[in-house]
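Residues per chain are reported as follows:
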Amino acid sequence: MKNFIVTAAAILLILSIMQFQFQCNELLRKKQNLKYAADEAAASAALCFDEASFGSGVFRFDRTAAREKAAKVISLNLPEEQGESIRWELTFSDERQDHPYVEVTIRQERLRAVSVYEYVGF
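Residues numbered from 1 in each chain as written. Predicted model: local features only at pLDDT ≥ 70, side-chain atom pairs only at ≥ 80, totals over all residues. Heavy atoms only, no water.

**A look at the nonpolar core**
Leu34, Phe61, Leu90, Val102, Val104 and Ile106 are the most contacted members of the largest nonpolar core, which has 24 residues in total. Where this core is concerned, the elements lending two or more residues are α1 (2-46), α3 (63-77), β1 (86-93), β2 (101-108) and β3 (111-118). Examining the composition of this core, we find that seven residues originate from one element, α1, more than from any other. Excluding anything up to four places from it in sequence, Phe61 contacts Ala45, Ala46, Cys48, Phe49, Asp50, Phe92, Ser93, Asp94, Pro100, Tyr101, Val102 and Tyr119. (Core = buried A, V, L, I, M, F, W, Y, C linked by side-chain atoms within 4.5 Å. Buried < 20%, exposed > 50% of the residue type's maximum accessible area, 1.4 Å probe, protein only. Helix = DSSP H or I, 4+ residues; strand = E, 2+ residues; numbered from the N terminus. Contact = heavy atoms within 4.5 Å.)

Have a look at this one:
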């Protein structure tokens with residue numbers, strides 16, 4: 001009987017550890033997917049700059065085109081089941097002309113991924 005109790009306890013311990021490891025891996029995979037989507041959205045949004053201002057020597061982002069491009073990239077990179085609980089925001093910093101950047105923040109429940117795409121060396 002003692003062997004049965006020890007074996008049952010060992011099996012329960014192994015199953016508990018496996019379940020914890022599965023949940024941890026799932027959370028890490030979601031975080032990695034969010035970070036990838038944020039990186040791609042920031043890079044795509046940073047390509048949308050105002051051509052008229054750029055021709056005048058001032059670097060400004062085209063904010064409406066950048067928001068549309070970021071929304072499209074995020075919707076393409078994240079699966080449908082995650083899309084319902086995802087919130088994202090896009091911030092621009094083009095007031096300082098030496099380092100203009102785009103920052104994308106994606107949140108899903110407890111997870112958060114931030115990506116900054118910065119132009120350096122103007």
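Here the narrative resumes.
**As for α3**
Taking 1.5 Å per residue as the helical rise, α3 with its 15 residues ought to reach 21 Å, and the 21 Å between its terminal C-alpha atoms agrees with that figure. Ala66, Ala70, Val73 and Ile74 are the residues of α3 that are buried. Considered in projection along α3, the buried side chains sweep an arc of 100° and stay on one side of the axis. The exposed set on the far side of α3, more than 90 degrees from its buried face, consists of Thr64, Glu68, Lys72 and Leu76. Contacts from the buried residues of α3 go to α1, β1 and β2. (Expected span 1.5 Å × (residues − 1). Arc of directions from axis to C-beta.)

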